[in-house]
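A structural walkthrough
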Amino acid sequence: MIDPFDHIKKNLDILVVAHRYGIEVYRNHKALCIFHNDHHESMSFKNNRFKCFSCGVGGSSIDLVQKLFSLEPLQAVKKINVDFGLDLDLKTDYKPDIGKMQEIERERQLMRVFDHWCDKIYSEYAQIARFYWMNIQEYKPINEEDAMHPLYIDAVHQWDAINYILDILLKGTSDEKTILYKDLNSFEVMTG
Ligand SMILES: [Zn+2]
């Protein structure tokens, strides 16, 4: 009888497993790690194993599924067996907690949407910051007695707020980002 653990590790491509559960692996066999807030594709795939060089998680495709769905090793093997139609002969019955798994997948999906939102807002505000920076340079009063250009005044007024937002998006905790998300969205609703 074949050892199902062995069989999966040897014969099931971990890239296929990763893809099936929503991890986007790029051509260089790297991916954004989903086990920490990753911005640099710290997770890499090699010899049918994965490893995150930032947060340290790693292992076989079974370890990956275990971590993804908070499963015991045997439960992970059974899930893989079902999801990939491997038809391995496993002694005990597998009763997956579908509700829990769906919840985990949903949360992960939400995290991805939220991360995309953060990236999008960051590039928008970075653009706005550049615009104001240019106005500050361009319309800066040359002599003290010169009247200040309205674009200069506006830019100076906005500067701190814009950079505060960029700071949070770049270095903030997920709580800070969530508050920012709510703030910005209620602001958009208010201004229509
Ligand atoms: Zn990681």
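From a predicted model like this one, the values you see are computed outputs, not experimental measurements. (Residues numbered from 1 in each chain as written. Predicted model: local features only at pLDDT ≥ 70, side-chain atom pairs only at ≥ 80, totals over all residues.)

1. Observations regarding the pairing of strand E2 (residues 43-46)
Sheet faces and side chains relate simply in a regular strand, where the side chains alternate between the two faces. Side chains Met43 and Phe45 of E2 all project onto a buried face; the interleaved residues Ser44 and Lys46 project onto a face where none is buried. When strand E1 (residues 30-31) meets E2, the two strands line up antiparallel, connected through two bridges. Looking at E2, one finds that lysine 30 is bridged to serine 44. The antiparallel pairing of E2 with strand E3 (residues 49-52) creates a hairpin that spans two residues between the two strands, and asparagine 47 there sits at a positive phi of about 50°. (Buried ≥ 20, exposed ≤ 12 C-beta atoms within 10 Å, placed from the backbone. Helix = DSSP H or I, 4+ residues; strand = E, 2+ residues; numbered from the N terminus. Pairing = 2+ DSSP bridges.)

2. Focus: the nonpolar core
By size, the foremost hydrophobic cluster in this structure holds 19 residues, and its most contacted members are Ile14, Ala18, Ile62, Leu64, Val65, Ala76 and Ile80. Secondary-structure elements contributing two or more residues to this core are helix H2 (14-20), E2, helix H3 (61-69) and helix H4 (73-83). Among the elements that make up this core, the one with the highest residue count is H3 (four residues). Dropping the residues within four chain positions of it, alanine 18 is found in contact with Ile23, Val25, Ala31, Phe45 and Leu64. (Core = buried A, V, L, I, M, F, W, Y, C linked by C-beta atoms within 7 Å. Contact = placed C-beta atoms within 7 Å.)

3. Points about unusual backbone geometry
With a phi angle near 65°, histidine 29 is a residue other than glycine that sits in the positive phi range. Among the secondary structure elements, histidine 29 is positioned in the loop between H2 and E1. For histidine 29, a count of 15 C-beta atoms within 10 Å puts it in the partly exposed group. A positive phi angle is found at glutamate 41, which is not glycine, with a value near 50°.

4. Let's talk about the domain arrangement of the chain
The domain architecture assigned to the chain consists of domain 1 (4-95) and domain 2 (100-191). Taking only C-alpha atoms into account, the centre of domain 1 sits 36 Å from that of domain 2. Counting from both sides, the interface comprises four residues of domain 1 and, opposite them, four residues of domain 2. A per-class count over the side of domain 1 that touches domain 2 returns two nonpolar, two polar and no charged. (Domains from an automatic or database assignment. Nonpolar A, V, L, I, M, F, W, Y, C, P; charged D, E, K, R; others polar.)

5. Notes on the pairing of E3
By the bridge criterion, four bridges tie E2 to E3 in an arrangement that is antiparallel. Following the sheet pairing, methionine 43 is matched in E3 by cysteine 52. Joining the antiparallel neighbours E3 and strand E4 (residues 58-59) is a turn of five residues, in which glycine 56 adopts a positive phi near 90°.

6. Overview of the sheet that holds E1
Two modes of strand pairing occur in sheets, parallel and antiparallel, and in both the strands are linked by backbone hydrogen bonds. A sheet is described by the order of its strands in space; here four strands give the open sequence E1-E2-E3-E4, paired in antiparallel fashion. Each edge of the sheet is formed by a strand with only one pairing partner; in this case those strands are E1 and E4. Where E3 meets E4, two bridges bridge the pair, whose relative direction is antiparallel. Each bridged residue has a counterpart across the sheet, and for lysine 51 the counterpart in E4 is glycine 58.

7. Overview of helix H6 (residues 150-171)
Along its 22 residues, H6 runs 32 Å from first to last C-alpha, staying within 8% of the 32 Å computed at 1.5 Å per residue. Within H6, the axis deviates most sharply at tryptophan 159, by approximately 35°. Along H6, the residues that are buried comprise Ala155, Ile165 and Leu169. (Expected span 1.5 Å × (residues − 1). Bend = angle between axes of the 7 residues up to and from the residue.)

8. Things to note about the packing of H3 against H4
Packing of H3 against H4 brings their axes to within 9 Å, and their N-to-C directions diverge by 100°. Between H3 and H4, the angle falls in the class roughly perpendicular. Contact residues: H3 offers Ile62, Val65, Gln66 and Phe69, while H4 offers Pro73, Ala76, Val77, Lys79 and Ile80. Partitioning the contact of H3 with H4 into residue classes produces seven nonpolar, one polar and one charged. (Axes fitted to C-alpha atoms, helices over the stretch in contact; angles between N-to-C directions. Parallel < 35°, antiparallel > 145°, perpendicular 65-115°, else oblique.)

9. Concerning the packing of helix H5 (residues 98-139) against H6
Relative to each other, H5 and H6 sit at 150°, their axes nearing to 9 Å. One element, H5, and the other, H6, form an angle in the roughly antiparallel class. Of the two possible hands of crossing, H5 and H6 adopt the one that is left-handed. Residues Cys118, Ile121, Tyr122, Tyr125, Ala126, Ile128, Ala129, Tyr132, Asn135, Ile136 and Tyr139 of H5 pack against Leu151, Tyr152, Ala155, Val156, Gln158, Trp159, Ile162, Asn163, Ile165, Leu166 and Leu169 of H6. (Left-handed = near helix turned anticlockwise from the far one by under 90°.)

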